[in-house]
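Listed below are the residues making up each chain.
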Amino acid sequence: HRPACIMASKQPPSITEGFSGTIGNTPLIHLKSLSEATGCTILGKAEFMNPGGSVKDRTALGLILAGERSGLLRPGGTIVEGTAGNTGIGLATLALARGYKCIIYMPDNQSQEKVDLLRTLGAEVYCVPVVPFANPKQYYHQAKARAAEIEGGYFTDQFESSANYQVHYDTTGPEIWTQTEGKVDAVVFAAGTGGSIGGISTYLKDKSDGKVQAYLVDCQGSALYNYVTKGELKGDGRSSVTSGIGIARITANFAKAKIDGAFQADDYECVEMVHYLLRHEGLMLGSSSGVNAVGAVKLARKLGPGHTIVTILCDLGQRYMTQIYNKSFLEPLSLWPSAKALEFLEKKEEQPATAAETK
């Protein structure tokens, strides 16, 4: 039994140094409904409580600090990044707080809420057509080229910069270990840049002498599930309603991850899960959190009752009102939720394979 949280018993927060000082040290939320359904203790790291609203605030701060330390990001300079939105929001907010300009390139299939927020934060935003990574017009390449053209431009490069991995190794991983008093048995995360799963999995493996297990949960269309389980970088050809996760290449950050296996979560499972968590936990979360929660349930069923499993609740659903909470968007895709409980996960689960490829 876990006692209800009593607000008056909490220590008031200490004084922090501006926006940057409020990033990190997010709570773990006991997901009661998922825990009771599986017999495990399933905990969600509430990264939506970061000041910019997502786990990517950590990444943004790590990237900016790395640029400042290297001297490549100079006072009054311009931060440039290619992002699905959340890293850009973190960068744009920090740019305001630290005196930088910000330019963001993003694929044009992202939610209008993210685009509007970025522009409100003063970022110069370019929404570009979705094309394969090999195409020079892909948003990552356009951002990199733009940074090189600007005097004082700094390409933060969230996909390949080791600062992304390092900030999760230095902060998120240790927080999870401390908050669970070292009793975490396993973690499971989706991956986009690979920074979160790379840094957290490596830290927890190092800290526990390899005892903590780490799993990937991959959205439909991504190539990472096949890479981890079969050693081949091949997607299934489907698009996805998820945002900021799934990729068809191995980034420098993901290559550092220490992964024991992988699960898949399709769009049907993801959408059902975010609506399930809204109804049963009062948590209105984004699509990547839905994928992570699906992964947590599948991992709990694999390990069996009595284990403590941690995942990340990446951001809130308010950024996706026009998509995963919009009936007119979901119904044509046959994705409007109808499940009453967790029956949408009752199909036979895939068994994760040993993941030698990412070690």
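Higher on the page you've got the structure.
Conventions and cut-offs
Residues numbered from 1 in each chain as written. Predicted model: local features only at pLDDT ≥ 70, side-chain atom pairs only at ≥ 80, totals over all residues. Heavy atoms only, no water. Helix = DSSP H or I, 4+ residues; strand = E, 2+ residues; numbered from the N terminus. Buried < 20%, exposed > 50% of the residue type's maximum accessible area, 1.4 Å probe, protein only. Contact = heavy atoms within 4.5 Å. Lys, Arg positive; Asp, Glu negative; His and termini not counted. Charge placed at Lys NZ, Arg CZ, Asp CG, Glu CD. Salt bridge = Lys/Arg side-chain N within 4 Å of Asp/Glu carboxyl O. Polar contact = N/O pair within 3.5 Å; in protein donor to acceptor, adjacent residues only side chain to side chain. Pairing = 2+ DSSP bridges. Axes fitted to C-alpha atoms, helices over the stretch in contact; angles between N-to-C directions. Parallel < 35°, antiparallel > 145°, perpendicular 65-115°, else oblique. Left-handed = near helix turned anticlockwise from the far one by under 90°. Arc of directions from axis to C-beta.

A. Region of the structure containing the overall build of the protein chain. Helix and strand counts for the protein chain come out as 11 helices and 10 strands. Viewed in the frame of its principal axes, the protein chain has a C-alpha envelope of about 55 × 50 × 40 Å. Across the 359 residues of the protein chain, 57% fall into the buried class. Across the protein chain, contacts joining residues at least 24 apart in sequence account for 74% of those joining residues at least 6 apart. Distance from the positive charge centre (35 side chains) to the negative charge centre (36 side chains) of the protein chain: 2 Å.

B. Region of the structure containing the side chain of Arg319. Mapped onto the fold, Arg319 is located in the loop between strand 10 (308-313) and helix 11 (327-330). For the buried residue Arg319, which engages in no salt bridge, the nearest side chain bearing the opposite charge is Asp315, 4.7 Å off. In terms of polar contacts, Arg319 uses its side chain to reach the side chain of Asn86, at 2.6 Å. Once residues lying within four places of it in the same chain are set aside, the contact partners of Arg319 are Gly52, Gly53, Ser54, Asn86, Ile89, Ser111, Glu113, Lys114 and Leu117.

C. Seen up close, the sheet that holds strand 2 (residues 41-46). Pairing in this open sheet of six strands is mixed, and the strands run 1-2-10-7-8-9 from one edge to the other. At either end of the open sheet lies a strand with only one pairing partner, and these are strand 1 (28-30) and strand 9 (261-265). Between one strand and the next, the sheet's axes are offset by a mean angle of 30°, whatever the strand orientation. Pairing of strand 7 (residues 186-189) with strand 8 (residues 213-219), which is carried by four bridges, proceeds in the parallel orientation. The residue bridging Val187 from the neighbouring strand is Ala214, located in strand 8. Contacting strand 1, strand 2 and strand 10, helix 6 (residues 162-179) crosses the sheet at an angle of about 140° to strand 2. Here helix 10 (residues 287-303) sits on the sheet in contact with strand 2, strand 7, strand 8, strand 9 and strand 10, set at roughly 170° to strand 10.

D. Examining the environment of Leu283 more closely. Checked against the element boundaries, Leu283 lands in the loop between helix 9 (267-281) and helix 10. Measuring from C-alpha to C-alpha, the distance between Leu283 and Thr41 comes to 17 Å, with 242 residues separating the pair along the chain.

E. Representation of the sheet that holds strand 6 (residues 153-155). Strand order in the open sheet made by the four strands is 5-4-3-6, with parallel pairing throughout. Two strands lie at the open edges of the sheet, namely strand 5 (124-128) and strand 6, each paired on one side alone. Between one strand and the next, the sheet's axes are offset by a mean angle of 20°, whatever the strand orientation. Inspection of the sheet shows strand 4 (residues 101-107) paired to strand 5 by five bridges, in the parallel sense. Bridge pairing links Ile104 to Val125 in strand 5. Each of strand 3 (78-82) and strand 4 is contacted by helix 3 (residues 86-98), which is oriented at about 170° to strand 4, the strand it contacts most. Contacts between helix 5 (residues 139-149) and the sheet are confined to strand 3, strand 4, strand 5 and strand 6, with strand 4 contributing the most and set at about 155° to the helix.

F. Geometry of the packing of helix 6 against helix 7 (residues 195-207). The interhelical angle for the contact between helix 6 and helix 7, taken along N-to-C directions, is 50°, at an axis separation of 7 Å. Considered as vectors, helix 6 and helix 7 are oriented oblique to each other. With respect to the hand of their crossing, helix 6 and helix 7 are arranged in right-handed fashion. Contact residues: Asn164, Tyr165, His168, Tyr169, Thr172, Gly173, Pro174, Ile176 and Trp177 in helix 6; Gly195, Ser196, Gly198, Gly199, Ile200, Thr202, Tyr203, Leu204, Asp206 and Lys207 in helix 7.

G. Focus on helix 5. Restricting attention to buried positions, one finds in helix 5 the residues Tyr139, Tyr140, Ala143, Arg146 and Ala147. Along the axis of helix 5, the buried positions cluster into a sector of 130°, meaning they face one direction only. For helix 5, the exposed residues lying more than 90 degrees away from the buried face are Ala148 and Glu149. Structurally, helix 5 contributes buried residues whose contacts are with strand 3, strand 4, strand 5 and strand 6. The opening residue of helix 5, the one whose side-chain oxygen lies 2.8 Å from the backbone nitrogen of Tyr140, is Gln138.

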